[in-house]
Amino acid sequence: MQAKETLFADLMQGRAQQFQVPLYQRTYSWAEKHLNQLWSDILEQAVLLESPEDKGSTHFLGSVVLAPSPQNDATFPRWLVVDGQQRLTTLSLALAAIRDHVTDTAPLEAQRIDEQYLINKWKSGNDHLRLLPTQADRAQFAAYIRGPLTDQATGSSIATAYAFFRKKLIEADDPAALQDIFRIEQAVTSRLALVAVTAERGDNVHRIFESLNNTGLKLSQADLLRNYLFMRLQARGEHVYETYWLPLQKSLNNDELEQLMWLQLVLDGDDRVRRQDLYAAQQRRFEDTKAGEAEIEAYIRELHRRSTHFRRLLHPEEEPDPAVRDALRRLNAWQAAVTYPALMLLLDRREHGELDSTETARALTYIESFLVRRMICRVPTNNLNRIFQAVPGQLPLDVPVTEGLHRLLSSQNRFWPDDTELREKIRTAPFYQYGRWQQRKLVLQRLEESYGHPEPVDFAAA
């Protein structure tokens, strides 16, 4: 590996080339606090450019780790951005905003910015872009680089960043001020220092990515595992990403995706793994089984399938069966995330035809009864994690699923209070002094509903 200090201008301009953000990278995610800090650094350097005491000092922005792309060729160099894509994307959007800001008053300067830093003039398609983001960001980023856009998109981090720079440029556009537009451009391209680390062909770029610890956003367990998966997928990476991963990423946020990855480990039998250890645990499973591309693809495909079940736990209204939907709504209101391993197992077994929706709803009421009775009887909750994480591995195989769940939760060390214990606690233990308020409300709501009054209470307004 080689490391050297460089500037954005030195990195990006020159002959036609492309910096490709790999599939395993997270989507662009800089928030306003990151943009404000960068803008402050840019303005500071722009002011220094006019100072008679300026000695060409620079501001260190961070590192960029590059590796030769498998698509590399002698006439058109391509580089994988192993780390630093957030910085390169942000600076490119800043320059696109500067170009669009001056395009009416200085069209030749706008063209110069475009051709020096943003595009490969004589290339078409994806090769036209000097920076090629990951697929989830590619279309919108390309729209801004090819801009200017008349109808700007909103909601995405890329749209937010571009709009941020357009607004700041309007505020700064005073010919009498030190930070005029072209000094700002010069600050972006020539006063923000980067350390470019270039890996040689054959270097283990996954290990490089995994071990990086820089000033950017901390990598989550989901980020690390996604990196590992797509680093291992060479031949079918694009297909798997488009078919399974991108829809998965759109249906769940990063925290939910991480939770689903952990649940998949639990459902596959690793019932003692902690969520903060899921990356190491899943990586170990792949390496112990010598998993190849086919096994990696099968894992992602299964993750995609189970995401439908997981969304129903988070959004019960997506469940088509009314009885199952009502049961999931009550568990959601109970804030019973601890039960997710068991709930995921039930929805999975239903999909595979081992029980129907009626049996699924009955199994869900067992879980609800287990939780409610324990709360009323004041059974400590500290072992609920262990109880429900163990369900996939300990569910009896010699009886139907619903009966097996009832038997498992009824075993002596699970502490499912019977009717006698429940009556005693209702008589002697103050109800309003235990459990969360949402849980107490649900108990009272279920009691009210059991009377079947002709004029039901509007509990949503309660």
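Preceding this paragraph is the structure being described.
Counting restarts for each chain: residues are numbered from 1 in the order of the written sequence. Residues qualify for local features only when their pLDDT is at least 70, as the model is predicted, and side-chain atom pairs are given and counted only at 80 or more; totals for whole chains, interfaces and linings, by contrast, use all residues. With hydrogens and water excluded, all non-hydrogen atoms of the structure serve as input to the side-chain values.

A. Examining the overall build of the protein chain more closely. The numbering of helices and of strands both runs from the N terminus, where a helix is a DSSP run of H or I of at least 4 residues and a strand a run of E of at least 2. Within the protein chain, the secondary structure is distributed over 21 helices and six strands. In terms of principal-axis extent, the alpha carbons of the protein chain reach across some 85 × 50 × 35 Å. Only protein chains enter the area calculation, which uses a 1.4 Å probe; residues under 20% of their type maximum are buried, those over 50% are exposed, and those in between are partly exposed. Residue burial in the protein chain is summarised as follows: out of 462 residues, 51% are buried. Every residue pair with non-hydrogen atoms within 4.5 Å of one another is taken to be in contact. In the protein chain, of all internal contacts separated by at least 6 residues, the share reaching a separation of at least 24 is 72%. In this description, accessible areas are obtained by the Shrake-Rupley approach with a 1.4 Å probe, and a residue is regarded as covered only by the protein chains that are shown. As displayed, the protein chain has an accessible area near 22,500 Å², and 50% of this comes from carbon and sulfur atoms. On the protein chain, the mean spot of the 56 positive side-chain charges and the mean spot of the 63 negative ones are 4 Å from each other. Only four residue types enter the charge count: Lys and Arg as positive, Asp and Glu as negative, with His and the chain ends excluded. Think of each charge as sitting on NZ of Lys, CZ of Arg, CG of Asp or CD of Glu.

B. View of unusual backbone geometry. With phi around 60°, Q335 is a residue other than glycine that occupies positive phi space. Turning to its location among the elements, Q335 is positioned in the loop between helix 14 (322-333) and helix 15 (340-351). Residue classification places Q335 among the partly exposed residues on the basis of a relative accessible area of 41%. Not every positive phi belongs to a glycine, and F415 is a case in point at roughly 60°. Locating F415 in the fold gives a position in the loop between helix 19 (401-410) and helix 20 (419-428).

C. Structural view of the nonpolar core. Take the buried residues of types Ala, Val, Leu, Ile, Met, Phe, Trp, Tyr and Cys, join any two whose side-chain atoms come within 4.5 Å, and each joined set is a nonpolar core. L229, F230, W245, I300, I367 and F388 are the most contacted members of the largest nonpolar core, which totals 82 residues. A per-element tally of this core places helix 16 (residues 357-376) first, with ten residues. Among all residues touching L229, those that are not within four sequence positions of it are W245, F286, I296, Y299 and I300. By size, the runner-up hydrophobic cluster in this structure holds 53 residues, among which are L66, Y117, A159 and I184.

D. Summary view of the side chain of T360. Looking at the element boundaries, T360 is found in helix 16. Excluding its chain neighbours within four sequence positions, the residues that come into contact with T360 are V324, L347, R350 and L355.

E. Structural context of the packing of aromatic side chains. The pairing test for Phe, Tyr and Trp rings, Trp by its six-membered ring, is centres within 6.5 Å, and the orientation test on the planes gives stacked under 30 degrees, edge-to-face over 60, and tilted for anything in between. Scanning the model with the defined rule gives 14 aromatic pairs in all. Relative to Y162, the ring of Y144 lies with its centre 4.4 Å away and its plane at 35°, an arrangement referred to as tilted. Note that Y144 is positioned in helix 5 (residues 135-146) and Y162 in helix 6 (residues 157-172), a separation of 18 residues in sequence. Classification of Y144 as buried rests on a relative accessible area of 0%. Ring pairs connect the aromatic residues Y228, Y279, F286 and Y299, which therefore count as one cluster. Geometrically, a charge over a ring is one whose NZ (Lys) or CZ (Arg) sits within 6 Å of the ring centre while staying within 35 degrees of the ring normal. Residue placement shows K123 over the ring face of F76; its charged tip is 4.6 Å from the ring centre.

F. Fine view of empty space enclosed by the protein. The distinction between a cavity and a pocket rests on a 1 Å grid over the protein atoms alone: a 1.4 Å probe fits inside a cavity but cannot get out, while a pocket stays open yet meets protein on both sides within 12 Å along at least five of seven lines, and a residue with an atom within 4 Å of a point counts as lining. Grid points are joined across faces, edges and corners, and a volume is the space filled by probe spheres set on the points. On inspection of all chains with the given rule, the structure shows one cavity of 30 Å³ or more. Size it by volume and the largest cavity reaches roughly 40 Å³. If you go around the largest cavity, the residues you meet are L313, L328, L331, N332, A336, Y340 and L343. When contributions to the lining of the largest cavity are tallied by element, the ones reaching two or more residues are helix 14 and helix 15.

G. Quick look at the environment of P316. One can find P316 in the loop between helix 13 (293-314) and helix 14. Looking at P316, the relative accessible area reads 5%, which means it is buried. Placed eleven residues apart in sequence, P316 and A327 show a C-alpha to C-alpha distance of 8.7 Å. In this structure, P316 is in contact with R325, L328, R329 and N332, ignoring residues within four places of it in sequence.

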